[in-house]
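Inside the fold
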Amino acid sequence: MLIDKEKFQENFKHFDNELIVEIIDMFINERDERLKTIKQNIDDKDMDALKFNAHSIKGVIANFMADVPRDHAKALEFKGKENDTDGLDELFAKLDKSTLELAENLKEIRIIYDK
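Below, the structure is looked at part by part. Note that the structure is predicted; figures quoted are calculated from it, not measured.

Observations regarding the nonpolar core
Judged by nonpolar contacts, the single largest core of 29 residues is most densely connected at Phe8, Ile38, Phe64, Leu76, Leu102 and Leu106. Put simply, the parts of the chain that give this core at least two residues each are helix H2 (17-44), helix H3 (47-62), helix H4 (67-82) and helix H5 (88-113). Top contributing element to this core by residue count: H5, with 9 residues. The residues touching Leu102, leaving out its near neighbours within four places in the chain, are Leu2, Ile3, Phe27, Ile61, Phe64, Ala66 and Pro69.

What follows is the structure, given as structure tokens:
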């Protein structure tokens, strides 16, 4: 599991279960569109948009205490900031795979809060 469950629970301890489920669902439902946008930024070599969109998804992922996908998003954000196009497709593939796994992990955790 990509999520540090202990840190996740600590991060969301003051939230009611309904809000936690809503936050999880929002990530799961928006993941594909966010990744599609980032891929388009890469294909268009729009580094400013890549920096912005990678930063945005990084912040969302950070809430879930999942270091691997967060680090992939952070690396893409840095590439956008530095206008560095080397290895973008490989980094994107890692982000895509790790956020897909994160979404699956979140579905498992969601069950705990959806009562």
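Things to note about the environment of Gln9
Locating Gln9 in the fold gives a position in helix H1 (residues 5-11). Under the relative-accessibility criterion, Gln9 is labelled partly exposed at 44%. For Gln9 and Phe64, which are 55 residues apart along the polypeptide, the C-alpha to C-alpha distance reads 9.2 Å.

What to know about the packing of H2 against H5
Where H2 contacts H5, the axes come no closer than 10 Å and their chain directions differ by 165°. Judged by the angle between their axes, H2 and H5 are roughly antiparallel. Relative to H5, the crossing made by H2 is left-handed. Counted by class, the contact of H2 with H5 contains 17 nonpolar, 2 polar and 7 charged residues.

Notes on the packing of aromatic side chains
Going through the model one piece at a time under the given rule, you end up with 6 aromatic pairs. Measuring from centroid to centroid gives 4.7 Å for Phe8 and Phe12, while their planes differ by 40°, and the two rings are tilted. The two residues Phe8 and Phe12 agree in class, both being buried. Ring plane angle 25° and centroid distance 6.3 Å describe the contact between Phe12 and Phe64, whose orientation is recorded as stacked. Taken together, the residues Phe12 in the loop between H1 and H2 and Phe64 in the loop between H3 and H4 connect sequence positions 52 residues apart.

Analysis parameters
Residues numbered from 1 in each chain as written. Predicted model: local features only at pLDDT ≥ 70, side-chain atom pairs only at ≥ 80, totals over all residues. Heavy atoms only, no water. Core = buried A, V, L, I, M, F, W, Y, C linked by side-chain atoms within 4.5 Å. Buried < 20%, exposed > 50% of the residue type's maximum accessible area, 1.4 Å probe, protein only. Helix = DSSP H or I, 4+ residues; strand = E, 2+ residues; numbered from the N terminus. Contact = heavy atoms within 4.5 Å. Axes fitted to C-alpha atoms, helices over the stretch in contact; angles between N-to-C directions. Parallel < 35°, antiparallel > 145°, perpendicular 65-115°, else oblique. Left-handed = near helix turned anticlockwise from the far one by under 90°. Nonpolar A, V, L, I, M, F, W, Y, C, P; charged D, E, K, R; others polar. Phe/Tyr/Trp six-rings, centres within 6.5 Å; stacked < 30°, edge-to-face > 60°.

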